[in-house]
Amino acid sequence: MAAKKLSGTKVARAMRKEMAAEVERLKADHGVVPGLAVVLVGDNPASVSYVSGKRKACEEVAINSLEHKRDADFTEEALLELIAELNADPAVNGILVQLPLPDHIDEHHVLDAIDPSKDVDGFHPINLGRMLVGEECLLPCTPHGVQQLLLRGGVDIEGKHVVMVGRSNIVGKPLANILLQRKEGSNATVTVCHTRTPDMAVHTRQADILIVAAGRPNTITADMVADGAVVVDVGVNRIEDASRERGFRLVGDVDYAGVREKASLITPVPGGVGPMTITMLLHNTIAAAKTAHGVE
Ligand code: NAP
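These numbers were taken from a predicted model, which means no experiment stands behind them. (Residues numbered from 1 in each chain as written. Predicted model: local features only at pLDDT ≥ 70, side-chain atom pairs only at ≥ 80, totals over all residues. Heavy atoms only, no water.)

## Re the environment of Asp89
Put simply, the test is: Elements are defined by DSSP. Helices are runs of H or I of four residues or more, strands are runs of E of two residues or more, and each kind is numbered from the N terminus. Throughout, exposure labels follow a simple rule: accessible area from a 1.4 Å probe, protein chains only, divided by the maximum for the residue type, with under 20% read as buried, over 50% as exposed, and the rest as partly exposed. Definition of a polar contact: a pair of N or O atoms within 3.5 Å, with one able to donate and the other able to accept a hydrogen when the atoms are protein atoms, and with sequence-neighbouring residues admitted only if both atoms are side-chain atoms.
Within the secondary structure, Asp89 is located in the loop between α3 (76–88) and β4 (94–97). On the accessibility criterion, Asp89 (29% relative accessible area) is partly exposed. Here the alpha-carbon distance between Asp89 and Val155, two residues 66 residues apart in the chain, equals 40 Å. Reaching out from Asp89, the side chain makes a polar contact with the backbone nitrogen of Ala91 at a distance of 2.9 Å.

So this is what it looks like as structure tokens:
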């Protein structure tokens, strides 16, 4: 029997409704309106489109979205000054620097300059360190979004064998860490695979929950998946498609048509993890605003 679809679009919609109500309460009871500053350097079309998606998401839940667009030749020094201003601005609860940055700017210098209490992307080493030791912190959005998608989709993570394909700093490593924590909603046994893993299928076939963030179409085919597994496809890949107006379509890292015949639950691309990532950014911005104003 074909797998059920685990829709990130639906879960994200439900979460944003809850968040809109929370923002309304924050404003009514405490006079607080969370503010997210988004910094975009240059005009990379994908980045411009991500920034516009974030603006719309903020509007949906009535978070203030403050955009700072700069030309591609904006210097690292000037960007660090802008970050310092945003760190000091009480109307700004979250700071997001859209990546990638132009080559002349060192991404680490910039991300490390963000006040960890405003680091709504969860990429600051302080937040990553707190995550590692299981302390309260702003969690990275895509990994946290995957965990929430599983939990709200009715998947019990505790005690399950999670196999994570990919070990990047923004998806694979933090997600493996989150699911490994001795905490409710985690407590999984986690295996992490990467390009130096020999015979990866031996591992992926053992997964109760298989999460794939490799950045390559068809990394996972049906023969690599156990019957009844839960499959989460984080990948987003552009495939040329002359039949589409924009000349391409988006696919994940999993051969969806084949794998859905074996899995019990599977996320689609698009409409799976993507909407959850932006939703967790909103979640972090609200959490940062509550912390800044001492609201429980
Ligand atoms: P990345 O930095 O390129 O990392 C890819 C990881 O996958 C690396 O650890 C790599 O191993 C591993 N890998 C690649 N091919 C593999 C293979 N054939 N077998 C085993 N491991 C393999 O990518 P990323 O930033 O984590 O992103 C991964 C995908 O998720 C991309 O398609 C990206 O667009 C997507 N993404 C989606 C969202 C969302 O919101 N939906 C957010 C972030 C990323 P090595 O370390 O050995 O090179």
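## A few points about the nonpolar core
Condition: Take the buried residues of types Ala, Val, Leu, Ile, Met, Phe, Trp, Tyr and Cys, join any two whose side-chain atoms come within 4.5 Å, and each joined set is a nonpolar core. By convention here, the domain bounds are inherited from an automatic or database domain assignment.
Counting residues in each nonpolar core, the largest one holds 49 residues, and the members touching the most others are Leu150 and Ile211. In terms of residue count, the dominant contributor to this core is helix α10 (residues 273–292) (eight residues). Here this core gathers at least three residues from each of two domains, domain 1 (33–123) and domain 2 (141–276). Of all hydrophobic cores here, the second largest spans 18 residues; its members include Ala3, Val165, Ala201 and Val259.

## Observations concerning the site of the ligand
The following threshold applies: In this text, near means that some heavy atom of the residue lies within 4 Å of the molecule or strand in question. Every accessible area reported is derived by Shrake-Rupley at a probe size of 1.4 Å, with residue values counting cover from the shown protein chains alone.
By nearness alone, 22 residues border the ligand, and Arg167, Ser168, Thr195, Arg216 and Thr277 come closest of all. Contact between the ligand and Ala213: an oxygen atom at 3.4 Å from a main-chain N or O atom of the residue. In this structure, Thr277 approaches the ligand through a side-chain N or O atom, which is 2.7 Å from an oxygen atom. Alone, the ligand offers 930 Å² of accessible surface; in the complex the protein occludes 70% of this. Ranked by residue count, the leading element in the shell around the ligand is α10, at three residues.

## Observations regarding the environment of Ile126
Relative to the helices and strands, Ile126 resides in helix α5 (residues 125–132). Residues Ile126 and Gly235, spaced 109 residues apart in sequence, show a C-alpha to C-alpha distance of 27 Å.

## Observations concerning the domain arrangement of the chain
Domain boundaries in the chain define domain 1 (33–123) and domain 2 (141–276). The C-alpha-based centres of domain 1 and domain 2 are spaced at 28 Å.

## Concerning the packing of aromatic side chains
Given two aromatic rings, their pairing is described by the distance between the two centres and the angle made by the two planes. Rules: Geometry of aromatic contacts follows a simple scheme: Phe, Tyr and Trp rings, the Trp one being its six-membered ring, pair when their centres are within 6.5 Å, and the pair is stacked under 30 degrees between planes, edge-to-face over 60, tilted otherwise. The rule is short: NZ of Lys or CZ of Arg within 6 Å of the ring centre and within 35 degrees of the ring normal puts a charge over the ring.
Going through the model one piece at a time under the given rule, you end up with zero aromatic pairs. In this structure, Arg238 packs its charged tip against the face of Phe248, placed 4.1 Å from the ring centre.

## Description of the packing of helix α1 (residues 8–30) against α10
Inclusion rule: Each axis is a line fitted through C-alpha atoms, taken for helices only over the stretch in contact, and angles between the N-to-C directions span 0 to 180 degrees. Should an angle fall under 35 degrees it is taken as roughly parallel, and over 145 as roughly antiparallel, whereas 65 to 115 is taken as roughly perpendicular and any remaining angle as oblique. Here a crossing is taken to be left-handed if its near helix is turned anticlockwise relative to the far helix by less than a right angle, and right-handed if that turn runs clockwise. For this analysis, residues touch if any pair of their heavy atoms sits within 4.5 Å. Residue polarity follows a fixed list, in which Ala, Val, Leu, Ile, Met, Phe, Trp, Tyr, Cys and Pro are nonpolar, Asp, Glu, Lys and Arg are charged, and the others, Gly among them, are polar.
Two numbers describe how α1 lies on α10: the axes approach to 9 Å, and their chain directions differ by 20°. Taken as axis vectors, α1 and α10 run roughly parallel relative to one another. The way α1 lies across α10 gives a crossing that is left-handed. Counted together, Gly8, Thr9, Val11, Ala12, Met15, Arg16, Met19, Glu22, Val23 and Leu26 of α1 and Pro275, Met276, Ile278, Thr279, Met280, Leu282, His283, Ile286 and Lys290 of α10 form the full contact between these two elements. Tallied by class, residues from the contact of α1 with α10 come to 12 nonpolar, four polar and three charged.

## Thoughts on unusual backbone geometry
Outside of glycine, negative phi angles account for most residues, and trans bonds account for most peptide bonds. Put simply, Leu99 and Pro100 share a cis peptide bond, and its omega is 0°. Of note in the backbone geometry, Asn187 takes a positive phi value of approximately 55° without being a glycine. Assignment of secondary structure puts Asn187 in the loop between α7 (172–180) and β6 (189–193). On the basis of relative accessible area, Asn187 is assigned to the partly exposed category, the value being 26%. Its identity as a non-glycine residue notwithstanding, Asn218 has a phi of 60°, on the positive side.

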